[in-house]
Amino acid sequence: VDHWGRRTLLLAGSFCQTLAMALLSLLLGKGWNTWLPETAIGPAAVVCFTAFVQSFSFGLGAVTWLYLSEIYPMEIRGPSLSACGVINWLSSFVVVFGTSFLTLTSAVHIFGLICFVGFAGTYTWVVETKGCAMDDSPLTPRSGRGSSPLLTPTSPRVDYKKMEEDSDEELTLESERGAGMK
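Calculation criteria
Residues numbered from 1 in each chain as written. Predicted model: local features only at pLDDT ≥ 70, side-chain atom pairs only at ≥ 80, totals over all residues. Heavy atoms only, no water. Axes fitted to C-alpha atoms, helices over the stretch in contact; angles between N-to-C directions. Helix = DSSP H or I, 4+ residues; strand = E, 2+ residues; numbered from the N terminus. Parallel < 35°, antiparallel > 145°, perpendicular 65-115°, else oblique. Contact = heavy atoms within 4.5 Å. Nonpolar A, V, L, I, M, F, W, Y, C, P; charged D, E, K, R; others polar. Buried < 20%, exposed > 50% of the residue type's maximum accessible area, 1.4 Å probe, protein only. Salt bridge = Lys/Arg side-chain N within 4 Å of Asp/Glu carboxyl O.

Student: Describe in detail the packing of helix α2 (residues 41-58) against helix α3 (residues 60-71), supporting the description with residues and values.
Tutor: Remark: α2 packs on α3, axes separated minimally by 3 Å, with the N-to-C direction vectors making an angle of 20°. Judged by the inter-axis angle, α2 sits roughly parallel to α3. In this structure, α2 contributes Ser55, Phe56, Ser57 and Phe58 to the contact, and α3 contributes Leu60, Gly61, Ala62 and Val63. Residue composition of the contact of α2 with α3, grouped by class: five nonpolar, three polar and no charged.

What follows is the structure, given as structure tokens:
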């Protein structure tokens, strides 16, 4: 995760999920599968579903919780992650319960659309946290490094860099103050 970066993995995962659902949609479409023999459609569908699950595993499934633990300030991290957990479980319930009312084709279309919207949202709003200290997220306004369009008008695609105003003394004093408060 540290080598590739959180944002890159989230983008790659959601893009591959979108691609897997688009290919599956083509396989399930009437008249679109003339380029593939009838006996190969089943195995090709299994490959698409497997690609979807693997993409989720290396993207949204793994990186989401790491990213969430990095973007919240220490003071509210516990309650924030608890709220995120509840929202995740409720969303999973809606997906599992709601999917039972859909046909396979409509489920593939809806999941593909949601994955594409997730890709666009990640590209637009997710800031790379690779290299950031746990107590100094680029999204916290007090850090001075906020590059989220939600907090500042600069681009979210800027990698984390130490600011000139930050001296090593200030960082050492802040970490000593934090250690003294325990």
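Let us keep going from here.
Student: Give a detailed account of the side chain of Ser69, specifying residues and quantitative values.
Tutor: Relative to the assigned elements, Ser69 resides in helix α3. A relative accessible area of 15% means that Ser69 is categorised as buried.

Student: How would you sum up the pattern of salt bridges? Please name residues and give values.
Tutor: One pass over the full model with this rule turns up one salt bridge. Residue Glu70 pairs with Arg6 through a salt bridge whose shortest N-O separation is 2.8 Å. Remark: Arg6 occurs in helix α1 (residues 6-28) and Glu70 occurs in helix α3; sequence separation between them is 64 residues. With a relative accessible area of 5%, Arg6 lands in the buried category.

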